[in-house]
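Architecture at a glance
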Amino acid sequence: MARDFDIIVYGATGFTGRLVAEYLAGAGATRWAMAGRSADKLAAVRDAIGAPADTPLVIADADDPASLRAMAERATVVLTTVGPYQLYGSDLVAACAATGTAYADLCGEPGWMRSMIDAHEAEAKRTGARIVFSCGFDSIPFDLGVLTLQEAAIARHGAPAPRVKGRVRQMKGGFSGGTAASLKATLAAAARDPSLLRLLASSFALTPGFTGPHQPTGLIPEYDAHLNAWLAPFVMAPINTKNVHRTNFLLDHRYGADFVYDEMVVVPGLGDLGKAAAEALAKINPLKGDKGPKPGEGPSRAERESGHYDLLFAGLMPDGTRIDTVVTGDRDPGYGSTSKMIAETARLLAETDGEGGIWTPGALLGARLRDRLRERAGLTFEVG
Ligand SMILES: NC(=O)c1ccc[n+]([C@@H]2O[C@H](COP(=O)([O-])OP(=O)(O)OC[C@H]3O[C@@H](n4cnc5c(N)ncnc54)[C@H](OP(=O)(O)O)[C@@H]3O)[C@@H](O)[C@H]2O)c1
């Protein structure tokens with residue numbers, strides 16, 4: 001039976017949800033609704049972003065499972081930016097899995113993602129619910145960057161690259177209160193349950209029953225001779241690498257069961273200067289203490305519009321040849337670009353069918369999503 005809406009944006013009053021709603025309204029989307037826990041706040045956001053006055057508003061509270069189920073039953077896709085997901089997201093995943101509703105989020109919380117896979121994957125497969133985590137900067141550009149590189153490797157060499165290096169060459173943007181809260185919630189959960197630390201440290205936390213070869217930690221600054229550059233740790237690597245390995249797992253190891261992958265940031269400067277810069281960067285934690293942004297806060301419009309990113313994926317083949325793929329995005333990664341990526345993911349989910357389960361964007365939507373993001377969301381993917 002047709003549902004009331006193609007897409008419900010849940011969390012439209014938050015920093016990122018508001019940007020998603022603004023994007024959909026600007027793109028002329030129809031059959032969509034804004035959802036949250038406060039009708040007044042939703043109406044104020046609808047008016048402030050210039051969405052049509054008759055844009056439907058749906059009330060659902062993360063603490064009220066019946067309201068979440070009622071919301072899920074009305075939508076083809078629920079796009080949620082209500083986070084931290086480990087605090088507010090579990091009942092919504094359960095509701096979508098039970099009602100066969102597609103789901104897209106911005107989660108970068110691997111402990112919670114694994115618990116959702118364990119709890120709901122079987123039911124999602126049974127009902128046909130396509131649950132897709134991590135549809136923002138973490139981890140779409142990385143997930144699709146590696147997928148693109150491996151497609152090229154298979155086309156040129158008949159085999160995937162067994163070793164891929166993900167390297168952040170440029171990244172300009174800031175953090176929001178919700179992202180800061182999510183990182184803090186993960187640290188607090190790990191302090192309560194030390195077994196979570198083992199899971200967080202494993203690149204194979206999201207591939208139940210499969211552990212591949214040893215992976216580089218990416219935690220120590222190093223000189224990369226292939227790139228002739230110094231490298232520092234990348235704050236999003238712990239979530240992205242797990243998602244990339246899950247894509248490989250869900251695609252029956254298209255990248256090989258021996259696939260090795262890491263992500264680090266390229267630091268400007270060579271020699272001692274580059275080394276010192278990499279070591280200094282490794283010590284910075286932008287979200288340490290209580291000084292970070294509060295929920296609802298994030299980078300300004302000017303900061304979002306002047307932001308951008310440039311990612312290199314270097315695939316090393318056994319015969320010594322190298323294949324590069326470069327992914328770029330306009331706008332700041334975490335919000336300007338992320339809001340477009342998750343909105344286009346949800347639109348594609350609403351327009352297409354597919355098998356139920358708990359998916360990564362790359363494994364479920366792959367090249368179709370890449371095309372959409374190129375056409376509409378300011379991303380480029382170039383194979384060198
Ligand atoms: N992966 C990525 O690239 C990426 C990028 C950006 C953000 N994120 C993630 O996205 C999430 C949101 O970040 P943000 O900065 O946008 O957060 P935020 O501004 O704090 O917004 C949180 C939203 O959750 C809602 N909410 C809180 N408790 C609720 C409840 N009990 N019932 C219903 N709604 C509730 C808030 O509603 P009220 O307005 O009513 O309080 C608000 O709409 C975070 O988990 C963050 O880590 C990820």
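Please refer to the structure higher up on the page.
In short, a report on the structure.

Reading guide: rules and limits
- Residues numbered from 1 in each chain as written.
- Predicted model: local features only at pLDDT ≥ 70, side-chain atom pairs only at ≥ 80, totals over all residues.
- Heavy atoms only, no water.
- Near = heavy atom within 4 Å.
- Polar contact = N/O pair within 3.5 Å; in protein donor to acceptor, adjacent residues only side chain to side chain.
- Areas by Shrake-Rupley, 256 points an atom, 1.4 Å probe, with all protein chains shown as cover.
- Nonpolar A, V, L, I, M, F, W, Y, C, P; charged D, E, K, R; others polar.
- Pairing = 2+ DSSP bridges.
- Helix = DSSP H or I, 4+ residues; strand = E, 2+ residues; numbered from the N terminus.
- Axes fitted to C-alpha atoms, helices over the stretch in contact; angles between N-to-C directions.
- Contact = heavy atoms within 4.5 Å.
- Core = buried A, V, L, I, M, F, W, Y, C linked by side-chain atoms within 4.5 Å.
- Buried < 20%, exposed > 50% of the residue type's maximum accessible area, 1.4 Å probe, protein only.
- Salt bridge = Lys/Arg side-chain N within 4 Å of Asp/Glu carboxyl O.

**Here we look at the site of the ligand**
Lining the immediate environment of the ligand, one finds 32 residues, of which Thr13, Thr16, Arg37, Lys41 and Ser176 sit closest. Here Gly14 contributes a backbone N or O atom positioned 2.9 Å from an oxygen atom of the ligand. Calculation on the ligand without its partners gives an accessible area of 940 Å², and the protein chains cover 93% of this total. When grouped by side-chain class, the residues that make up the shell around the ligand number 12 nonpolar, 14 polar and 6 charged.

**Topic: the sheet that holds strand β10 (residues 260-267)**
One open sheet holds the 7 strands; their spatial order is β8-β9-β10-β7-β11-β12-β14, and the pairing between them is mixed. Taken across any chain shown, the strands that pair with only one partner, and hence form the sheet edges, are β8 (222-224) and β14 (379-383). Direction aside, neighbouring strands of the sheet carry axes that sit 30 degrees apart on average. Across 6 bridges, strand β7 (residues 163-172) lies against β10 in parallel orientation. Along β10, the bridge assignment pairs Gly166 with Glu263. Where helix α11 (residues 271-283) meets the sheet, its contacts fall on β9 (229-233) and β10, and the angle it forms with β9 comes to roughly 10 degrees.

**Some remarks on the nonpolar core**
In terms of nonpolar packing, the biggest core is built from 96 residues, with Tyr10, Met71, Tyr103, Trp112, Ile131, Phe133 and Phe313 touching the most fellow members. When residues in this core are grouped by element, the largest group, 8 residues, is from helix α7 (residues 140-157).

**Some remarks on the pattern of salt bridges**
Under the criterion given, the structure shown has 22 salt bridges. For the salt bridge of Glu73 with Arg69, the shortest nitrogen-to-oxygen distance reads 3.4 Å. Of this pair, Glu73 and Arg69 both sit in helix α3 (residues 65-74), 4 residues apart, which is roughly one turn of the helix. Residue classification places Arg69 among the partly exposed positions, given a relative accessible area of 39%. Residues Glu123 and Arg126 are paired through a salt bridge, measuring 3.0 Å at the closest nitrogen-oxygen approach. In this pair, Glu123 and Arg126 are both assigned in helix α6 (residues 110-127), 3 residues apart and thus about one turn of the helix distant.

**Regarding unusual backbone geometry**
For residues that are not glycine, phi is negative in most cases, and the peptide bond is trans in most cases. A cis geometry characterises the amide bond from Gly83 onward to Pro84, with omega recorded as 0 degrees. Assignment of secondary structure puts Pro84 in the loop between β4 (75-80) and α4 (85-88). Going from Asp138 to Ser139, the amide bond is cis rather than trans, its omega being 15 degrees. For Ser139, the position within the fold is in the loop between β6 (130-132) and α7. Positive phi outside glycine occurs at Ser134, with the angle close to 60 degrees. Counting through the fold element by element, Ser134 comes out in the loop between β6 and α7. Given the relative accessible area of 0%, Ser134 is considered buried. Of note, Asn228 is a non-glycine position whose phi angle comes to about 50 degrees, a positive value. Looking at the element boundaries, Asn228 is found in the loop between β8 and β9. A residue is classified by how much of its surface remains accessible, and Asn228, at 42% relative accessible area, is partly exposed.

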